[in-house]
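Below are the chains, spelled out letter by letter.
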Amino acid sequence: MRILVVEDERNLNNVLRKQLEGQGYSVDSCLDGKEAKEYMEMTEYDVIVLDIMLPGMSGMELLKWARDNDLNSQIIMLTARDSIEDRVKGLDQGADDYMTKPFAFEELLARIRMLTRKKSGNKTNVYKIADLKVDVAKMKVTRGEKEIMLTSREFSLLHYMITNKGVVLSRPQIEEHIFNYDYEGASNMVDVYIRYLRKKIDDDFEVKLIHTVRGKGYVLKEI
Amino acid sequence: MKSFSIKTRLMFWYAFVMILIVMLSVLMLLITGDRLTRDGAKSNLTVTTDRAIGDIRINEGKLNIDDDMVYYSNGAYVVIYMDDGTPLSGLELEEFPENVKFEEDKIREVDGESKSFYVYDRLIENKKVGKIWVRGMASADIEEISPAIARMIKMFLIALPIMLILALLGGYFASKRAFAPLKEINETAQKIHDGSDLSLRIGIHQEGKGDEITETARLFDEMLDSVEKNFEAEKRFTDDASHELRTPTAVILTQSEYALGNLDNKAEVEQALRIILGQSHKMTDLLDKLLMLARADNGRVKLSRDLVDLGLVLELSAASHEREAQSKNIDISVNVAREISLIADMALIERAVDNLLSNAIKYGRQDGHVSMILSEDMAGNAIIDVSDDGIGIPAEDINHIWDRFYRANGAGDHEGMGLGLALTQWIVQAHGGEISAVSEVGKGSTFRITLPFKREEE
């Protein structure tokens, strides 16, 4: 899952980023509206945490721009204002959720999970395929009775694949969703992580879930 | 006690006064007419009686009545009586009561069975014949004296209720018309109350009538304008204040959460604590200013009055901002052209100067220069100029810099103007002074405080 944090209060921005990264998300962050627009043009983020009051270009303008350009990202607006008009206007213009500062980080996490779930059509935080279960709230993965320990990057990859189960995901697509711009890895990092992941969730089991689609990419599915 | 609407009361008053005037005038007319008629009847009675006397002669002890004696004229009847009341001659009036005593030369009114009469007696005394009474009688009933007047009274009695109704209707319509605008005022007030939509206006003054109620409506509309404006400003202020307070709170909250989640990482915890401390300072400062302004708004700030050496204030302020200035390598110069001391609240004046200097440094150019000059103008005011050579203020924003939390459009600066200048302006104005700003984008700004003072007698 790839998240963009747009928040002009530097201290808040930093800590949100660190906290989200700790949860296995790959995060980009920026401090002003114009920069945010550039990020949004380059990458399709799964979730954007967008402050309303921003220098350069306001969150509301960004939101409108995103919806006019059919960006599919789930957008959570942040505001420190009291007025209900902001909330109504934001939701009217296509924001997916809305939070008033100050908020507890856990709440933001819960909402991000809810939004990604909504997108994939899953009703709980537990995604299942065959006997594989991925609990994104607890970051817990089990296959059958066996609990599988994943690194945060591996978890991020699995999370992305399981929310798109049955869909063939290209390497650039995967790369875009699990690595942020600060990541400087080799160009075949996706293949490397797929290999790690296969080792952990497929190797010891009869039914393989991660399949390679030649020339296209990877897909998570049964059979 | 049941109270009636002004409209109803006005209507009844109108009807009451109308009826009173009509009744009084008709009554006067009737009384005068009645009096005149009765006076005519009475004089006719005496004339007829007296003329009859002229026709009575006493010759050689015998009563001799002329043949052409007139016993009736215009409703007056004449009868000649002996002293014992035996009528001798004449025409008796029907229903005239019997046994009415004779009384010489006096018009009296006597009551009969169903009506009253005027009676006038004259006495003729003769030694031989004895006492002879000539009595003139006439009806005192107005219907008989003057049927026209009687008819008038009847008609008036019939017309009175009709007039009353007309007067009430007239009053009703007049007051309804007069109070129609009031109804609109009430409806608008009701609508505003029900929907709390402050943008509604009565608007009737636009119809061009200049009466009192329309004027009231216009004043109401003007009042609503300013109420709406104040309300909006208040709302914006609350909104901005909440933004300014929530943002640091959000930082403190998230940083604390983060630090608690990373207790083993000492460096991260320390950094989080430093950030929390910084944000807490920011909030304390903001709360302090907010409270100060709130107290100022309520008129609850009392200025202490001491002799303040303005030159010293500038020097102190410059000294306390030295480190801040050094971090941007800004050089502060203080130029006291004239020593000025005035009676003022030292703490507040210091605060005002501090705010200006701190802004000058904040918006000043790296390696720039900030100057503070104290001088005196021709009118005997103390002048404090604080100038920087920094980013300056765009022309469209310069009038708004005194607004609380004003945020320049599109400015890259998140902080906004905050409350500093609003507070500074209040301090200067509380001392009877003025504050102004001139600025050019890219060249810098100069803030000028003008304070009136009386030079100490030397």
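Everything numeric in this text was worked out from a predicted model, so none of it was measured.

Trainee: Explanation requested: the overall build of chain A in the structure shown.
Mentor: In terms of regular secondary structure, chain A is built from eight helices and 11 strands. Sorting the 223 residues of chain A into buried and exposed places 53% on the buried side. Within chain A, counting contacts between residues at least 6 apart in sequence, those at least 24 apart form 58% of the total. Surface summary for chain A: the accessible area is close to 10,100 Å², and the carbon and sulfur share equals 47%.

Trainee: Before we go on, may I ask you to explain the overall build of chain B in this structure?
Mentor: Each helix and strand counted, chain B has nine helices and 15 strands in total. Counting the 458 residues in chain B, one finds 38% classified as buried. Carbon and sulfur atoms form 55% of the exposed surface of chain B, whose accessible area is close to 27,200 Å².

Trainee: Explanation requested: the pattern of salt bridges in the structure shown.
Mentor: Any two side chains of opposite charge can pair if their charged atoms end up close together. All names here are of chain B. All chains considered together, the criterion is met by 36 salt bridges over all chains. With a closest N to O distance of 3.7 Å, E103 and R108 form a salt bridge. Here E103 falls in the partly exposed class, since its relative accessible area comes to 32%. Residue classification places R108 among the buried residues on the basis of a relative accessible area of 15%. Among the ionic pairs, R135 bridges to D121, the shortest N-O distance being 2.7 Å. A residue pair is termed long-range when its members are at least 10 positions apart, and R135 in strand β8 (residues 130-139) and D121 in strand β7 (residues 116-126) qualify at 14 residues. On the basis of relative accessible area, R135 is assigned to the buried category, the value being 3%. Judged by relative accessible area, D121 falls into the buried class, the value being 0%.

Trainee: Help me out: how do you make sense of the packing of helix α2 (residues 33-42) of chain A against helix α3 (residues 59-68) of chain A in this one?
Mentor: The relative placement of two packed helices is expressed as an angle between their axes plus a distance between the axes. Residue and element names in this part refer to chain A. One way to put it is that α2 packs onto α3 with a least axis distance of 10 Å and a crossing angle of 20 degrees. On the basis of their axis angle, the class for α2 and α3 is roughly parallel. When you trace α2 past α3, the crossing you get is right-handed. Touching G33, A36, K37, M40 and E41 of α2 are L62, W65 and A66, all from α3. Of the residues that constitute the contact of α2 with α3, the class distribution is five nonpolar, one polar and two charged.

Trainee: Can you walk me through the environment of B:D83 in this structure?
Mentor: All names here are of chain B. Looking at the element boundaries, D83 is found in the loop between β4 (76-82) and β5 (87-90). According to the relative accessible area criterion, D83 is partly exposed, its value standing at 41%. Along the backbone, D83 and I132 are 49 residues apart, and their C-alpha atoms lie at a distance of 5.7 Å. Those residues in contact with D83, other than ones at most four positions away along the chain, are F102, K131 and W133. A distance of 2.7 Å separates polar atoms of two side chains, one belonging to D83 and the other to W133.

Trainee: Looking at this model, I keep getting lost on the nonpolar core. Mind explaining?
Mentor: Grouped together as the largest cluster of nonpolar side chains are 52 residues, with contacts concentrated most on A:L20, A:L108, A:I112, A:L132, A:V134 and A:L158. Both domains that furnish three or more residues to this core are identified here as domain 1 (2-120) and domain 2 (126-220) of chain A.

Trainee: When you look at the pairing of strand β2 (residues 62-65) of chain B in this model, what are you seeing that I'm missing?
Mentor: Residues and elements named next belong to chain B. The pairing of strand β1 (residues 56-59) with β2 spans four bridges and is antiparallel. Within the sheet, the bridge partner assigned to N59 lies in β2 and is K62. Linking β1 to β2, which pair antiparallel, is a turn of two residues; within it E60 sits at a positive phi near 50 degrees.

Trainee: Looking at this structure, how should I read the side chain of B:S387?
Mentor: All names here are of chain B. The topology assignment puts S387 in strand β13 (residues 381-388). Within the structure, the side chain of S387 is placed 3.0 Å from the side chain of T446, a separation counted as a polar contact. Setting aside its immediate chain neighbours within four residues, S387 contacts H369, V370, S371, S445 and T446.

Trainee: I'm lost on the packing of aromatic side chains in this one. Help?
Mentor: Where two aromatic rings form a pair, the distance of their centres and the angle of their planes describe that pair. Evaluation of the coordinates by the stated rule reveals 10 aromatic pairs over all chains. For the ring pair A:F179 and A:Y193, a centre distance of 5.8 Å and an interplane angle of 55 degrees mean the geometry is tilted. In this pair, A:F179 is assigned in the loop between α7 (171-178) and α8 (189-201) and A:Y193 in helix α8, connecting sequence segments 14 residues apart. There is no split in this pair, since A:F179 and A:Y193 are both buried. Between the aromatic rings of B:F102 and B:W133, the centroid separation amounts to 4.9 Å while the plane-to-plane angle is 10 degrees, which identifies the pairing as stacked. Here the residue B:F102 occupies a position in the loop between β5 and β6 (107-111), and B:W133 occupies one in strand β8, the gap between them amounting to 31 residues. The class of B:W133 is buried, set by a relative accessible area of 8%. When the ring centre of B:F237 is taken as reference, the NZ or CZ atom of B:R404 above it lies at 5.6 Å.

Cut-off values and rules
- Residues numbered from 1 in each chain as written.
- Chains lettered and ligands numbered in written order.
- Predicted model: local features only at pLDDT ≥ 70, side-chain atom pairs only at ≥ 80, totals over all residues.
- Heavy atoms only, no water.
- Helix = DSSP H or I, 4+ residues; strand = E, 2+ residues; numbered from the N terminus.
- Buried < 20%, exposed > 50% of the residue type's maximum accessible area, 1.4 Å probe, protein only.
- Contact = heavy atoms within 4.5 Å.
- Areas by Shrake-Rupley, 256 points an atom, 1.4 Å probe, with all protein chains shown as cover.
- Salt bridge = Lys/Arg side-chain N within 4 Å of Asp/Glu carboxyl O.
- Axes fitted to C-alpha atoms, helices over the stretch in contact; angles between N-to-C directions.
- Parallel < 35°, antiparallel > 145°, perpendicular 65-115°, else oblique.
- Left-handed = near helix turned anticlockwise from the far one by under 90°.
- Nonpolar A, V, L, I, M, F, W, Y, C, P; charged D, E, K, R; others polar.
- Polar contact = N/O pair within 3.5 Å; in protein donor to acceptor, adjacent residues only side chain to side chain.
- Core = buried A, V, L, I, M, F, W, Y, C linked by side-chain atoms within 4.5 Å.
- Domains from an automatic or database assignment.
- Pairing = 2+ DSSP bridges.
- Phe/Tyr/Trp six-rings, centres within 6.5 Å; stacked < 30°, edge-to-face > 60°.
- Lys NZ or Arg CZ within 6 Å of the ring centre and 35° of its normal.

Shape is all these values report; function is a separate question.
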